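Take a look at the letters that make up each chain.
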Amino acid sequence: MVEKLKHRVFLLLETKEHLHPLGRFFKYFLIFLITLNTLVVCIESIDEMFKIYKTILNSFNQFSLGVFTLEYLLRVWSCTILKKYSHPVWGRLKYMLTPLAIIDLIAFLPFYFYFDPGNFQEMKLLQLTRFLQILKLGRYSQVTQILNQVIYLRKKELVLTLNVVFFLLIFSGEFNLFCRT
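So, here is what we can say about the structure in this document.

About the thresholds
Once a new chain begins, its residue numbering starts again from 1 and follows that chain's sequence as written. Reporting in this predicted model follows two pLDDT cut-offs: at least 70 for local features of residues, and 80 or more for side-chain atom pairs to be given and counted; totals over whole chains, interfaces and linings ignore these cut-offs and use all residues. Side-chain measures were taken over the full set of non-hydrogen atoms in the model, leaving aside hydrogen atoms and water. Two rings from Phe, Tyr or Trp (for Trp, the six-membered ring) form a pair when their centres are within 6.5 Å of each other. A pair whose planes differ by under 30 degrees is stacked, one over 60 is edge-to-face, and the rest are tilted. Runs of H or I in DSSP of at least four residues are treated as helices and runs of E of at least two as strands, each being numbered from the N terminus. Per-residue accessibility, obtained with a 1.4 Å probe over protein chains only, is compared with the maximum for each type, and a residue is labelled buried under 20%, exposed over 50%, and partly exposed between these values. Only the stretch in contact is used when fitting a helix axis, every axis being a line fitted to C-alpha atoms; angles between N-to-C directions are given from 0 to 180 degrees. Orientation categories follow fixed angle ranges, with anything under 35 degrees roughly parallel, anything over 145 roughly antiparallel, 65 to 115 roughly perpendicular, and all other angles oblique. Left-handed describes a crossing in which the near helix is turned anticlockwise from the far one by less than a right angle; the clockwise case is right-handed. Contacts: residue pairs with any heavy atoms within 4.5 Å of one another. Residue polarity follows a fixed list, in which Ala, Val, Leu, Ile, Met, Phe, Trp, Tyr, Cys and Pro are nonpolar, Asp, Glu, Lys and Arg are charged, and the others, Gly among them, are polar. Candidate patch residues must exceed 30% relative accessible area and have no salt bridge, after which like charges are joined if within 9 Å and Val, Leu, Ile, Met, Phe, Trp or Tyr side chains if within 5 Å. Using a 1.4 Å probe, accessible areas were evaluated by the Shrake-Rupley method; residue-level cover was limited to the displayed protein chains. Here, a salt bridge means any Lys or Arg side-chain nitrogen found within 4 Å of an Asp or Glu carboxyl oxygen.

This brings us to the packing of aromatic side chains. Counted by the stated rule, this structure contains 4 aromatic pairs. Ring centres 6.1 Å apart and planes at 15 degrees place the aromatic pair Phe25 and Phe29 in the stacked group. You can see Phe25 and its partner Phe29 sitting in helix α2 (residues 21-44), 4 residues apart, about one turn around the helix. The exposure class assigned to Phe29 is partly exposed, which follows from its relative accessible area of 24%. An aromatic cluster of three or more residues is present, and its members are Phe25, Phe29 and Phe63.

The following block contains the structure:
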């Protein structure tokens, strides 16, 4: 019975092409919630707007936190359906270290820690993690999946390119500093 429920939950959360209406609803609901969260972060950054809608925004944030936490826990619980994650402990840990699972975790985990409201840097870090929720949309986009495949297939070339760019940035900064003196 539990395995059957786990299999259904897994299919609803992980299947890319949802034939089941509930799976489609959940996919579009999460996309809508992520988009709304991005909008809320923008609204919260405007002090006047935040003061007016503080109660509504805080309630929405609590609701979103609950939904994202539940989604993550259900994904971790049901991932053992796949053969590569079949071990009850190591399989789940292996799943939790996948890029999409890490992004999902980053999207909600910081909100469970205490942040000093008077500390500007901590609050900006918290807002940055909220913008990382946009990366969760990659789970639902075929273009992102293709990009991931390209990155995986061309990772050596991309690392070399990033090293060259990093070197050029350092060189141009040093050259600029040298020219000023």
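The next thing to look at is the packing of helix α1 (residues 2-14) against helix α3 (residues 47-78). For the pair α1 and α3, interaxial distance at closest approach is 9 Å and the crossing angle is 125 degrees. By the angle between their directions, the pair α1 and α3 is classed as oblique. In this structure, α1 crosses over α3, and the sense of that crossing is left-handed. Mapping the contact onto sequence places Val2, Leu5, Lys6, Val9, Phe10, Leu13 and Glu14 in α1 and Glu71, Leu74, Arg75, Trp77 and Ser78 in α3. Tallied by class, residues from the contact of α1 with α3 come to 7 nonpolar, 1 polar and 4 charged.

Next up on the list: a nonpolar patch on the surface. A surface patch of nonpolar side chains, about 490 Å² in accessible area, is lined by Ile46, Met49, Ile52, Tyr53 and Ile56. Counting through the fold element by element, Ile56 comes out in helix α3.

Functional significance is not addressed by these values, which are geometric in nature.
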